[in-house]
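# Report on the structure
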Amino acid sequence: MIRYLLLSVFAIGMFSCRGPERQEYIAVNEADTNLGNNEFLNQNNPFRMRDSIKHYAIIPNISLQGKLKIFNSLQDSLKKEINRENKQKYVEIEKYNYLIIKYLTDLIENHNISPRRLARKNIKYIQSSDGKIGVLSWDENTGSAFQSFINILTYRTKNNKFKTLHLEWINQDFEYAPYAGEIKQIRWLGKSEKNNIYMLFSTGSGCSDCLNKAFISLSLQNDTIDMDYPLFVDENDLLVDTKNDNLLQFEYKPSSKEIVLRLVRDTIVDNSIIPFDTLNQKWKFDGAFFQITEKEVNAQ
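Right, let's walk through the structure included here. (Residues numbered from 1 in each chain as written. Predicted model: local features only at pLDDT ≥ 70, side-chain atom pairs only at ≥ 80, totals over all residues. Heavy atoms only, no water.)

### Points about the packing of helix H1 (residues 48-56) against helix H3 (residues 89-111)
For the pair H1 and H3, the least separation of the axes is 9 Å and the interaxial angle reads 25°. Taken together, the axes of H1 and H3 lie roughly parallel to each other. Crossing of H1 against H3: the hand is right-handed. Here Met 49, Arg 50, Ile 53 and Lys 54 of H1 come into contact with H3, specifically with Val 91, Glu 94, Lys 95, Tyr 98, Leu 99 and Lys 102. Residues of the contact of H1 with H3, tallied by class, amount to five nonpolar, no polar and five charged. (Axes fitted to C-alpha atoms, helices over the stretch in contact; angles between N-to-C directions. Helix = DSSP H or I, 4+ residues; strand = E, 2+ residues; numbered from the N terminus. Parallel < 35°, antiparallel > 145°, perpendicular 65-115°, else oblique. Left-handed = near helix turned anticlockwise from the far one by under 90°. Contact = heavy atoms within 4.5 Å. Nonpolar A, V, L, I, M, F, W, Y, C, P; charged D, E, K, R; others polar.)

### Focus: the pattern of salt bridges
Scanning all chains against the criterion turns up nine salt bridges. With its nearest N and O atoms 2.8 Å apart, the salt bridge here joins Arg 50 to Glu 94. With a gap of 44 residues between them, Arg 50 in helix H1 and Glu 94 in helix H3 connect regions that are remote in the sequence. Across this residue pair, the class does not change: Arg 50 and Glu 94 are buried. (Salt bridge = Lys/Arg side-chain N within 4 Å of Asp/Glu carboxyl O. Buried < 20%, exposed > 50% of the residue type's maximum accessible area, 1.4 Å probe, protein only.)

### Overview of empty space enclosed by the protein
Enumeration over the complete set of coordinates arrives at two cavities of 30 Å³ or more. Of the residues that constitute the lining of the second largest cavity, the class distribution is four nonpolar, one polar and three charged. (1 Å grid on protein atoms, 1.4 Å probe; cavity = no way out; pocket = protein on both sides within 12 Å on 5 of 7 lines; lining within 4 Å. Points joined across faces, edges and corners; volume = space filled by probe spheres on them.)

### Here's the deal with the side chain of Ser 137
Tracing the sequence through the fold places Ser 137 in strand S3 (residues 133-139). Residues contacting Ser 137, with those up to four places away along its chain left out, are Asn 122, Ile 123, Lys 124, Ile 150 and Asn 151.

### What about the nonpolar core?
Counting residues in each nonpolar core, the largest one holds 28 residues, and the members touching the most others are Phe 71, Leu 104, Leu 118 and Trp 138. Put simply, the parts of the chain that give this core at least two residues each are H1, helix H2 (64-83), H3, S3 and strand S4 (149-156). With 11 residues, H3 is the largest single contributor of residues to this core. Once residues lying within four places of it in the same chain are set aside, the contact partners of Phe 71 are Ile 100, Tyr 103, Leu 104, Leu 107, Leu 118 and Ile 123. Membership of the second largest hydrophobic core comes to 24 residues, among which are Leu 153, Ala 180, Leu 200 and Met 227. (Core = buried A, V, L, I, M, F, W, Y, C linked by side-chain atoms within 4.5 Å.)

### Re unusual backbone geometry
Of note in the backbone geometry, Asn 160 takes a positive phi value of approximately 65° without being a glycine. You can see Asn 160 is positioned in the loop between S4 and strand S5 (162-166). The class of Asn 160 is partly exposed, set by a relative accessible area of 42%. Positive phi values are uncommon outside glycine, yet Asp 234 reaches one of about 75°. Tracing the sequence through the fold places Asp 234 in the loop between strand S9 (224-226) and strand S10 (237-243). The exposure class of Asp 234 is exposed, given its relative accessible area of 64%.

The following block contains the structure:
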């Protein structure tokens, strides 16, 4: 996935503050899991817990009420684990997080349970104005300075069936921090030809004074969701990765369908820092894409 980057001259490593080192694998004796031997379970795989659940956990063939009971029980167990004082608890937290994802996906896709109905306890739900796109999310509780969220995108097909997509930010070919951020808005921008166009607003922090905010595009056409729609001049997102106090404004104004960005950057000249180098930029939605309508850089 290509990213449109707006970076301060003072480069800040997004992942300089990593999550806690993955713990040694602890076997899980869950009645509803079936973990086999595979490369995913290799001791050198830092994601072996989540991989084992994703690829091998089996949901029992029981009633809907039985599944809902287990789903609620997993959330209760996760909450208890989070509150425990134990250095090994992050292995258990990851286990419960991914079992919850497994059950949540099954309940939505195989039983057509409304995502809103599942938004209880620590799970929050937001949706677009047309009701077709939503996100279920909760704090991943990794214990690191980087507060990451689990985000499950939900959408409705033309037959009014629900589908899901886990916006997994890590354990992929590349790490994409905005998928781990807190998704605060889902904007329906309109329809272009056969596509319904949407935009997610994600915000997060990679370390104590780092900030990343992103507008992420997606489109929905004939029951197919596209996370690579080129909403921003051939790019699928508009991303700012900077210091907390350098970002003055980054917001979408629905009345004018504009994105406004104001960014203060520190400029290094002859080993001296010259402050108040300001970037002002506006993007306007033309019915299919956002186009830059204003760009100004002021150095003082």
